[in-house]
Amino acid sequence: MAWVVRNRQGQDLVLTGAIVAIIIVFSLLPMARLLQEVVLPRGVFSLDVIASGLVSRRTWVATWNTLAVGLGGTLFALVLGVAVALLVSLTDMRGRQAFVLCFVTPLMIAPQVTALAWLQVAGPSSPLLNMLGMAPPLGTRNPLYSAEGIVFLLGIQYAPLVFLIVRAGLRKLPRELVEAAQAGGAGRLTVLRTIVLPLMTPSIVGAAALTFVSCVGNFGIPAFLGIPANYLVLPTLIYQRLAGGGPAVLSEVAFLSVLIGIIAMVGIVLQDRLSRGRDFRITSTSLSVTPYALGRWRPAVELGMWLLIALILVLPLVGLVLTSLVPGYGVVLNASTATLENFRFVLFDHVASRRGFLNSLTLSAVAAVFAVFVAIPLGYVIAWGTRRWVKALNLTVELPYALPGVVLAIAALLLFLRPIPLIDIQIYNTVWIILYAYLARFLVLAVRPTVTGYYQMDRALEEAAQVAGAGLFTRLRTIVFPLIAPAAMAGGLLIFMTALCELTVSALLWSSGAETIGVVIFSFEQGGDSKYAAAVSAIMVAVTFLLMLVAGLFARKLPDGVLPWRD
Amino acid sequence: MAGLTIDAVTKKFGEMVALDRVSIDVADGEFLAVLGPSGCGKTTLLRLIAGFEALNGGTIRIGDRLVSSESENVAPEKRRVGIVFQNYALWPHMTVAENIGYALKVGGVGRAERDERVKKALALVNMGEYGERRPANLSGGQRQRVALARCLVAEPRLVLFDEPLANLDVHLRAAMEDEFADFHKRTGTTIVYITHDQAEAMALADRIAVMDHGRLMQLASPHALYHQPENEMVAAFISQGMVLPAEVASAAAAGRCRVRVLGQEVVVRCAPGEAPRAGAAICCRSSQLAPAADGEPGFDGRIARVVYRGGAARIEFVPDAQPGLALHFDQPDPITFAPGDRARLRLADGWLIPRGAGA
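Calculation criteria
- Residues numbered from 1 in each chain as written.
- Chains lettered and ligands numbered in written order.
- Predicted model: local features only at pLDDT ≥ 70, side-chain atom pairs only at ≥ 80, totals over all residues.
- Helix = DSSP H or I, 4+ residues; strand = E, 2+ residues; numbered from the N terminus.
- Rg over C-alpha atoms; globule rule 2.2 N^0.38 Å.
- Buried ≥ 20, exposed ≤ 12 C-beta atoms within 10 Å, placed from the backbone.
- Contact = placed C-beta atoms within 7 Å.
- Domains from an automatic or database assignment.
- Nonpolar A, V, L, I, M, F, W, Y, C, P; charged D, E, K, R; others polar.
- Pairing = 2+ DSSP bridges.
- Axes fitted to C-alpha atoms, helices over the stretch in contact; angles between N-to-C directions.
- Core = buried A, V, L, I, M, F, W, Y, C linked by C-beta atoms within 7 Å.
- pLDDT = per-residue confidence, 0-100.
- Expected span 1.5 Å × (residues − 1).
- Bend = angle between axes of the 7 residues up to and from the residue.
- Arc of directions from axis to C-beta.

**Some remarks on the overall build of chain A**
- Check the secondary structure of chain A and you find 24 helices and zero strands.
- Over its C-alpha atoms chain A spans a radius of gyration of 25 Å, differing by no more than 12% from the 24 Å that the globule rule assigns to 567 residues.
- Once the C-alpha set of chain A is aligned to its principal axes, its extents read approximately 85 × 70 × 50 Å.
- For chain A, buried positions account for 48% of its 567 residues.

Structure representation (structure tokens):
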């Protein structure tokens, strides 16, 4: 009997140990290495790195730009996202499901694809404008190559994020709180101003913080729009320094990435402060607010909403597809000049591009599968575990994703620049370092839905198996795994979709032979081959839509809110 | 204050008829309870009166003013009704005083007058000290008082209560019941009080409207509901009444008539104008059933269950004449019946349910 007990505890220990090891390797270690480089370079305490970073004018300009586009993009995303969330949640507009799907889709498309697509809509070489005869003369600068352009695209990219968070908050708003105000004589707009918006403050502030962190860390949009205009933000400055200077500038870029991390953290801390000021806790649960009848305004509002979709989703995608059909620079696109040659070239002829598809598919698939298998036991410990310190470790899993991707990429570089001690394997300049970064960065995307799944599941199911005599591993395998697998797999799918077109991390970690699709698109565009970049992007958008469709097929088996685009 | 006239109101949700031609008149200053099992349509009725839903037929008037009809629906904010919600619906981002003063602020009442009226409203519900508190820091009973003060401060023409005591524990419920009754006496407000709790309705209301499946079953005083139910639903619903099949043997005379029930002939109370008929039903209470003494008329049967409830037991009895029927009565200590025993019961009184009052 004593042996059995010890064995049971042994399984628990093994599980906890494995999870702690994973958290250390993928989360604590890279962050610690990064900090060490900044304050303890070569093992000696020194503030030289910080000092030399602080006196550089470049640093200050890029920091200022980062804050400017970060705040601007956040503001734009907030206005758009909150307005749309209010209209969708509080009025009787029709076709809500389809609208939400379309509105959230930009979030699923990689930022650099968004940037590329929009570039094809504006500017002198835009096939769309050329077809309409509205293109500015050749040589005119594309208006999107500017700070305003970056703010505009960041806003469109992250408005769905704001929308999703605020909509979730509005759904939990008990209808009585609104009805009590109406009975007190308040009209619709007064209710909105004095009740609904104040009560949504936590959601709105939370969304703002998340959006700010995403904007500040975004690489794709400022890389496509800012670099040509020499408008650098911190992530693009890091990229340029590293591309020009190689490992020699590692200390400098480590400092810059810590700077981004600090800016992101300030955003999160501010959010915490702001939402702590007042009591917004909604304790009662009830039906959600009765939709407001728009009456004769309904067709007009619906038309406006779909025009918005046409602007933010259809227009750029049309631009993208048209460019992918253009045979060469400056050629006006029409039925006789359109060609599929670009698609053939990127899929079959171009070696790096072919390799990129293969690498990205493999990397995202491995990252997704790994995350699913880690997320299930990890979620188990977080949601149902009894050890408090393990639960606290959960926060550190969030860290590599909460911080901008550049931070993690630099940390991975520092960690693996030299061969791994003891086993003496060099993974720098191979595809493995990208895999490591993906595993670390995206793990949390599978952990979150899995933990949600655990909380929605009755623990008695597992306890019944325990009473029946099943040990921890047997329970995990036979009871927990089958029940939680759909949620974890939905997370895996999100990882797959996110990693497939990922650019921020791979732009800093790629090497010849280890390209990703994101890097391929970026290289084509930088080399002036927009048509090839557009072709690759169009393929990736199609794959994204396909994956969303597939996920939708088994959506009914998933916990609520796991697939962001399903209303 | 104003009365309320609900005339032939019908409400459909898609195919489902939630309210079917319901008509209720509430007099100025009356306390009316709307009572029914869950899903009977009572909450829909309240939401129609408040204006949160549009109706499909009939009219609602508050005082002389038409507020709801098929073609017209006055917005909730223009109706001047007060509502006390089951979950209180206090705004968590405002203090107690801000909650109460909200309607005045929205209505453009000046600051000085507003403070004065908020203070008065707080005093009215004995919460004078709590103006600066947050709703989250109040107990359930205190929250309900704040909700009450909030709906009164704007001097509504009508106050609606939506199961206001359902979230409170038993002791607090009794105390709040007293407070509501006292409050009604002092202010003379017209009140429509939605509840599924009979004891609450009986204790508070001048009249009770019993509803079932979207229809008004009976609108009467608590006393009349108990003693003269108009149909089998009300008879069975109020105080667990028993409905027994009966045959009317004589015409009504001085409010009574002879009926034949389970082979026994009994004199029961009845409405005027009753005539001999078959297929009738009577309503009786457990207090009207008792074991028959030797030689007394009665009906035979078997004891099915004995449930001891402290001081007395509830005895369940199945009559031989109609084995599908389950009757029950109380026997005080000492309990002499045991399951399986044979027994003979006697019916002392009852009420003949009027003909045709549909159920």
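**A few points about the overall build of chain B**
- Within chain B one finds eight helices and 20 strands.
- The burial tally for chain B puts 43% of its 359 residues in the buried class.
- Within chain B, counting contacts between residues at least 6 apart in sequence, those at least 24 apart form 64% of the total.

**Overview of the domain arrangement of chain A**
Residue and element names in this part refer to chain A.
- According to the domain assignment, chain A consists of domain 1 (11-39 + 343-567) and domain 2 (66-330).
- On a C-alpha basis, the centres of domain 1 and domain 2 stand 24 Å from each other.
- Counting from both sides, the interface comprises 39 residues of domain 1 and, opposite them, 45 residues of domain 2.
- Looking at the side of domain 1 that touches domain 2, the elements with two or more residues in it are α1 (2-39), α18 (405-416), α22 (504-509), α23 (517-526) and α24 (530-553).
- With eleven residues, α24 is the single largest residue contributor to the side of domain 1 that touches domain 2.
- Taken together, the residues that form the side of domain 1 that touches domain 2 break down as 28 nonpolar, seven polar and four charged.

**A closer look at the sheet that holds strand β15 (residues 289-291) of chain B**
Residue and element names in this part refer to chain B.
- Reading across the sheet, the five strands line up as β15-β19-β16-β17-β18 and stay open at both edges, with antiparallel pairing between neighbours. Each having just a single partner strand, β15 and β18 (327-332) make up the two edges of the open sheet. Averaged over all pairs of adjacent strands, the angle between strand axes in this sheet comes to 50°, irrespective of strand direction.
- In terms of strand pairing, strand β16 (residues 299-308) meets strand β17 (residues 312-319) through seven bridges, oriented antiparallel. Bridging across to β17, glycine 301 finds its partner in proline 319.

**Examining the nonpolar core**
- Judged by nonpolar contacts, the single largest core of 287 residues is most densely connected at Ile410 of chain A together with Ile282 of chain B.
- With 17 residues, helix α19 (residues 431-456) of chain A is the largest single contributor of residues to this core.
- With residues up to four places along the chain from it excluded, the contact list for isoleucine 282 of chain B reads Leu244, Ala246, Val259, Val261, Val268, Gly350, Trp351, Leu352 and Ile353 of chain B.

**What to know about the confidence of the model for chain A**
- A residue-level look at chain A finds 94% of positions with pLDDT of 70 or above and a mean pLDDT of 85.
- In this model, residues 1-5 of chain A is a region of pLDDT below 50 whose contacts with residues beyond four sequence positions or in other chains number zero contacts.

**What to know about the domain arrangement of chain B**
Residues and elements named next belong to chain B.
- Split into domains, chain B comes out as domain 1 (4-227) and domain 2 (232-352).
- Its C-alpha centre places domain 1 at a distance of 39 Å from the equivalent point of domain 2.
- With eight residues of domain 1 at the contact, the number on the domain 2 side is six residues.
- Looking at the side of domain 1 that touches domain 2, the elements that each hand over two or more residues are β9 (207-212), β10 (215-220) and α7 (222-227).
- Considering only residue class, the side of domain 1 that touches domain 2 consists of four nonpolar, three polar and one charged.

**A closer look at the confidence of the model for chain B**
- The predicted model of chain B has a mean per-residue pLDDT of 89, with 99% of residues at 70 or higher.
- Per the prediction output, this complex has pTM 0.83; the corresponding ipTM is 0.78.

**Observations regarding helix α14 (residues 298-324) of chain A**
All names here are of chain A.
- Under the 1.5 Å per step criterion, the end-to-end length of α14 is 38 Å for 27 residues, consistent within 8% with the ideal 39 Å.
- The axis of α14 is deflected most strongly, by about 35°, at alanine 310.
- The set of residues buried in α14 consists of Met305, Ile312, Pro316, Leu317, Gly319, Leu320, Leu322, Thr323 and Ser324.

**With respect to the sheet that holds strand β6 (residues 81-84) of chain B**
Residue and element names in this part refer to chain B.
- The strand order β6-β7-β8-β3-β9-β10 describes an open sheet built from six strands, whose pairing is mixed. Each edge of the open sheet is held by one strand with a lone partner, namely β6 and β10. Shown here is a sheet whose adjacent strand axes are inclined to one another by a mean of 20°, direction ignored.
- Two elements, β6 and strand β7 (residues 158-162), share four bridges in a ladder whose sense is parallel. Residue pairing across strands places glycine 82 opposite valine 159, the latter belonging to β7.

**Thoughts on the interface of chain A and chain B**
- Each partner contributes residues to the interface: chain A has 24 residues there, and chain B has 20 residues.
- Of all the elements in the fold, those that place two or more residues in the side of chain A that touches chain B are α8 (175-183) and α9 (188-199) of chain A.
- Top contributing element to the side of chain A that touches chain B by residue count: α8 of chain A, with seven residues.
- When the residues that make up the side of chain A that touches chain B are grouped by side-chain class, the tally is eleven nonpolar, eight polar and five charged.

**Things to note about unusual backbone geometry**
All names here are of chain B.
- The peptide bond linking aspartate 333 to proline 334 adopts the cis configuration, its omega dihedral lying at -5°.
- Relative to the helices and strands, proline 334 resides in the loop between β18 and β19 (342-347).
- At glutamate 155, a residue that is not glycine, the phi angle is positive and equals roughly 50°.
- By secondary structure assignment, the location of glutamate 155 is in the loop between α4 (140-152) and β7.
- Overall, glutamate 155 belongs to the partly exposed group, with 15 C-beta atoms counted inside 10 Å.

**Overview of the environment of leucine 503 of chain A**
Residue and element names in this part refer to chain A.
- Checked against the element boundaries, leucine 503 lands in the loop between α21 (472-500) and α22.
- Spatially, the C-alpha atoms of leucine 503 and glycine 220 are 6.7 Å apart, while their sequence positions differ by 283 residues.
- Non-local contacts of leucine 503, meaning those with residues more than four positions away in its chain, are made with Ala110, Gln112, Phe219, Gly220, Gly518, Val519 and Phe522.

**Describing helix α3 (residues 111-124) of chain B**
Residue and element names in this part refer to chain B.
- Here α3 is 14 residues long and its end C-alpha atoms lie 20 Å apart, about the 20 Å a rise of 1.5 Å per residue gives.
- All buried positions along α3 are accounted for by Arg114, Val118, Ala121 and Leu122. With its buried residues spanning 100° around the axis, α3 presents them on a single face. Turned more than 90 degrees from where α3 packs its buried face, Ala112, Glu113 and Ala123 sit exposed.
- Contacts from the buried residues of α3 go to α2 (96-106) and α4.
- Note on α3: the residue one or two positions beyond its end, asparagine 126, has a positive phi of about 60°.

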